[in-house]
Amino acid sequence: MADELQYDVLIIGGGAVGCAVARELARYHCAIALVEQSADVASGASGRNSAVVHAGFNNPPGSLMAQLCVEGNRGFEALCQELDVPYKKTGKLLLAFDLEDMAALLQLMAQGERNGCHGLTMLDQDTLRSKLPQVGGIGGMLSPETGIFDPFLYTVALAENAQANGVSFFLGHKVTAIGREETGFAVTAGGRVFHSRFVINCAGVHSAQVAALAGVKGYRIYPCRGEYYILDQIAKDVLPLPVYPVPKAGAGGLGVHLTPTVHGNLLIGPSAEYSDDPEDVSCTKPVLDQLWREAQQLLPGLEKRQIIGAYCGIRPKQTPPGVGGYRDFIIREERNCRGLINLIGIESPGMTASLPIARGVVALVGQSMDLRPKEDFNPQRRGIPRFREKSLGVQEMLIARDPEYGEILCRCQKVTRAEVRQAIENPLGVRTLSGIKYRAWATTGRCNGGYCLPKLAALLTEYGQKPEEIFYREENSPLFTGRVK
């Protein structure tokens, strides 16, 4: 018989929005659980995106997208400080290549000002050349409030802080059934039955399916693939801020852009191709070739030898192929299914807006449930100290305290054994290679784990994992098979 568990609120989906909802609800006296079908949080769009904190000028005035994006942007730096997540306010440049683009930028600027964006500035070609002589274009628009961050670590930090404040996390628990009960819902996931007064549907690309399981039909999500190139740590020498083209009407995204990361890499992407498979995150040569051609228009000096990897994410779009563009976020308690709060179509700028989205969900729960604040809620979370970022004096102190800081396991990123061990011992109990990768940043360098992967695997065996039980991301992704010496 399946385990039977009782909660006040059950959150479905461990992306940034689901984890932000968990953290915000953890401020109050109620029993909260989060179920996620993957072996870790941020396994969907939250871990596969451009890592940009948007300013809010791309979204129609009066929309939830615009309102929550601007609100989220204004509080994002303080939130990252609370959660010990890397963040940098870089600004963002949109490039125009013809007079039609310049006219579109003037419209975007006016729209952004209506949305409450600050400091948007038009640049003529001479000003553009003086600021960034390496880019193309005849002019552009500068958005000073745009930033960059680590989206995977952000989601992990939200989850860890929520857990530290009492939220229960159930990873590897796919929802297969949702039934109605007199006092709420019975949700079957991962061999367990969760009884809950409220169900919060934060399932991203699967949100329409989850809603249908609860009996709410009519929603439709169209998966839209976005592929990216990862370039080496050249951003400091090549590009100090994200550079975008002018968005094209009806496109499925904001266009192929160049984005420096907080770790110093440069991203190219994303593409925008609709797909029938919400799990298809493969990369394809024709699309990557097109990415490269478009990237060279923005930054002609790029060289293919700088490429070190590629990845793909899936946007949960409400607009079908042939229509493109965006439809507004849907965030509501269903009138015909009280207690079910659906979040549908939370695509970009969903991560930027994740905290105000979560506050809105808490307000919806509070309309039917007495939410009493906890006096002992702790909003602070401390991450793994980054040895490579410390001064020589601090490094010596860390090694004196823990000699494992003196052994480098990942040469590309200078990640120590101590950092990897802390990643393995993470509060959520994740023991996959990708879990280590995104917490300690090992295997993310130009050798793609060629040097450190065997060392990481050997360290995992110290925790009782056999080689054949070491997986990259899920149980269907083993790193080893058979026997070797």
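Coordinates for the structure precede this section.
Residues numbered from 1 in each chain as written. Predicted model: local features only at pLDDT ≥ 70, side-chain atom pairs only at ≥ 80, totals over all residues. Heavy atoms only, no water.

Turning next to the overall build of the chain. Helix and strand counts for the chain come out as 13 helices and 22 strands. For the chain, whose C-alpha radius of gyration is 22 Å, the value lies close to the compact-globule estimate of 23 Å for 485 residues. Principal-axis analysis of the C-alpha atoms places the extent of the chain at approximately 70 × 60 × 45 Å. When burial is assessed residue by residue, the chain has 57% of its 485 residues classed as buried. Taking all contacts inside the chain whose residues are at least 6 apart in sequence as the whole, residues at least 24 apart take part in 72%. Just so you have it, the chain exposes about 20600 Å², and 50% of that area is on carbon and sulfur atoms. Side-chain charges in the chain split into 51 positive and 51 negative, and the spacing between the mean points of these groups amounts to 2 Å. (Helix = DSSP H or I, 4+ residues; strand = E, 2+ residues; numbered from the N terminus. Rg over C-alpha atoms; globule rule 2.2 N^0.38 Å. Buried < 20%, exposed > 50% of the residue type's maximum accessible area, 1.4 Å probe, protein only. Contact = heavy atoms within 4.5 Å. Areas by Shrake-Rupley, 256 points an atom, 1.4 Å probe, with all protein chains shown as cover. Lys, Arg positive; Asp, Glu negative; His and termini not counted. Charge placed at Lys NZ, Arg CZ, Asp CG, Glu CD.)

Okay, helix α2 (residues 64-83) next. Most pronounced at Phe-76, the bend in α2 amounts to some 50°. Considered for burial, the residues of α2 that qualify are Met-65, Ala-66, Leu-68, Cys-69, Val-70, Gly-72, Asn-73, Phe-76, Leu-79, Cys-80 and Leu-83. One or two residues past the end of α2 sits Asp-84, with phi positive at roughly 60°. (Bend = angle between axes of the 7 residues up to and from the residue.)

Pairs can form between side chains of opposite charge whenever their charged atoms are close. Summed over the entire model, instances satisfying the criterion amount to 20 salt bridges. With a shortest N-O distance of 2.8 Å, Arg-439 and Asp-40 are connected by a salt bridge. Of the two residues, Arg-439 sits in helix α12 (residues 433-440) while Asp-40 sits in the loop between β2 (32-36) and β3 (52-53), which places them 399 residues apart along the sequence. Asp-40 shares its class with Arg-439; the two are buried. (Salt bridge = Lys/Arg side-chain N within 4 Å of Asp/Glu carboxyl O.)

Attention shifts here to the sheet that holds strand β4 (residues 87-89). Reading across from one edge, β3-β8-β4 is the order of the three strands in this open sheet, with antiparallel pairing throughout. Each edge of the sheet is formed by a strand with only one pairing partner; in this case those strands are β3 and β4. Pairing analysis gives three bridges linking β4 to strand β8 (residues 147-149), with the strands arranged antiparallel. Opposite Lys-88, over in β8, you have Ile-148 as the bridge partner. Sheet contacts for α2: β3, β4 and β8; angle to β4, the most-contacted strand, approximately 140°. (Pairing = 2+ DSSP bridges. Axes fitted to C-alpha atoms, helices over the stretch in contact; angles between N-to-C directions.)

With that settled, the discussion passes to the pairing of strand β1 (residues 3-12). Direction of pairing for β1 relative to strand β12 (residues 192-201): parallel, over a ladder of nine bridges. The residue bridging Asp-3 from the neighbouring strand is Arg-192, located in β12. Note that β1 and β2 share four bridges and pair parallel. For Ile-12, the partnering residue across the bridge sits in β2 and is Val-35. Taken together, β1, helix α1 (residues 16-25) and β2 constitute a β-α-β crossover, and its handedness is right-handed. (Right-handed = clockwise from strand over helix to strand, strands pointing away.)

Before going further, it helps to examine the packing of aromatic side chains. All told, the structure shown has twelve aromatic pairs when counted by the stated rule. The interplanar angle of 75° and the centroid separation of 5.0 Å between the aromatic rings of Phe-170 and Phe-194 together place this pair among those described as edge-to-face. A residue pair is termed long-range when its members are at least 10 positions apart, and Phe-170 in strand β9 (residues 168-171) and Phe-194 in strand β12 qualify at 24 residues. As far as the burial class goes, Phe-170 and Phe-194 line up, both buried. Here the aromatic residues Phe-76, Tyr-87, Phe-149 and Tyr-154 are joined through ring pairs into a cluster of three or more. Note that Arg-411 overlies the ring of Tyr-451, its terminal NZ or CZ placed 3.8 Å from the centroid. (Phe/Tyr/Trp six-rings, centres within 6.5 Å; stacked < 30°, edge-to-face > 60°. Lys NZ or Arg CZ within 6 Å of the ring centre and 35° of its normal.)

Here the focus is the nonpolar core. Counting 59 residues, the largest nonpolar core has Ile-11, Tyr-154, Phe-169, Ile-200 and Leu-343 as its most contacted members. With residues near it in sequence (within four places) discarded, Phe-169 still touches Cys-19, Ala-22, Leu-34, Val-41, Ala-159, Ala-162, Gln-163 and Leu-428. (Core = buried A, V, L, I, M, F, W, Y, C linked by side-chain atoms within 4.5 Å.)

Turning our eyes to something else, we now look at the state of the cysteines. Inspection of the entire model under this criterion finds zero disulfides. Lacking any disulfide linkage, Cys-117 is separated from the closest cysteine sulfur, that of Cys-69, by 7.2 Å. Accessibility expressed as a relative area gives 9% for Cys-117, which makes it buried. The cysteine Cys-283 is free of any disulfide, with Cys-312 supplying the nearest cysteine sulfur at 5.6 Å. (Disulfide = S-S within 2.5 Å.)

Looking now at the packing of α1 against helix α5 (residues 151-164). With their axes 8 Å apart at the nearest point, α1 and α5 run at an angle of 25° to one another. One way to sum up the angle between α1 and α5 is to call them roughly parallel. As for the relative orientation of α1 and α5, their crossing is left-handed in sense. For the pair α1 and α5, the contacting residues are Ala-16, Cys-19, Ala-20, Ala-22 and Arg-23 in the first and Tyr-154, Thr-155, Leu-158, Ala-159, Asn-161 and Ala-162 in the second. Grouping the constituent residues of the contact of α1 with α5 by class yields eight nonpolar, two polar and one charged. (Parallel < 35°, antiparallel > 145°, perpendicular 65-115°, else oblique. Left-handed = near helix turned anticlockwise from the far one by under 90°. Nonpolar A, V, L, I, M, F, W, Y, C, P; charged D, E, K, R; others polar.)

This part covers α1. Summarising burial for α1: ten of the ten residues are buried, a large majority. Residues of α1 that are buried: Ala-16, Val-17, Gly-18, Cys-19, Ala-20, Val-21, Ala-22, Arg-23, Glu-24 and Leu-25.

Turning our eyes to something else, we now look at the side chain of Asn-115. Counting through the fold element by element, Asn-115 comes out in helix α3 (residues 99-115). A distance of 2.8 Å separates the side chain of Asn-115 from the backbone oxygen of Gly-56, its partner in a polar contact. Other than its neighbours up to four places away in sequence, Asn-115 contacts Gly-56, Phe-57, Asn-59, Pro-60, Pro-61, Gly-62, Ala-66 and Val-70. (Polar contact = N/O pair within 3.5 Å; in protein donor to acceptor, adjacent residues only side chain to side chain.)

The next subject is unusual backbone geometry. Most peptide bonds are trans, and most residues other than glycine sit at a negative phi. Gly-269 connects to Pro-270 through a cis peptide bond whose omega is 0°. Following the sequence through the fold, Pro-270 ends up in the loop between β16 (266-269) and β17 (273-274). Looking along the chain, the bond that leaves Ser-348 and enters Pro-349 is cis, with omega of 15°. Among the secondary structure elements, Pro-349 is positioned in the loop between β20 (340-344) and α9 (354-366). In the Ramachandran plot, Ala-51 falls in the positive-phi region, its phi being about 60° despite a non-glycine side chain. Within the secondary structure, Ala-51 sits in the loop between β2 and β3. Look at Asn-448: it is not a glycine, yet its phi comes out positive at around 55°. Inspection of the secondary structure puts Asn-448 in the loop between α12 and α13 (453-461).

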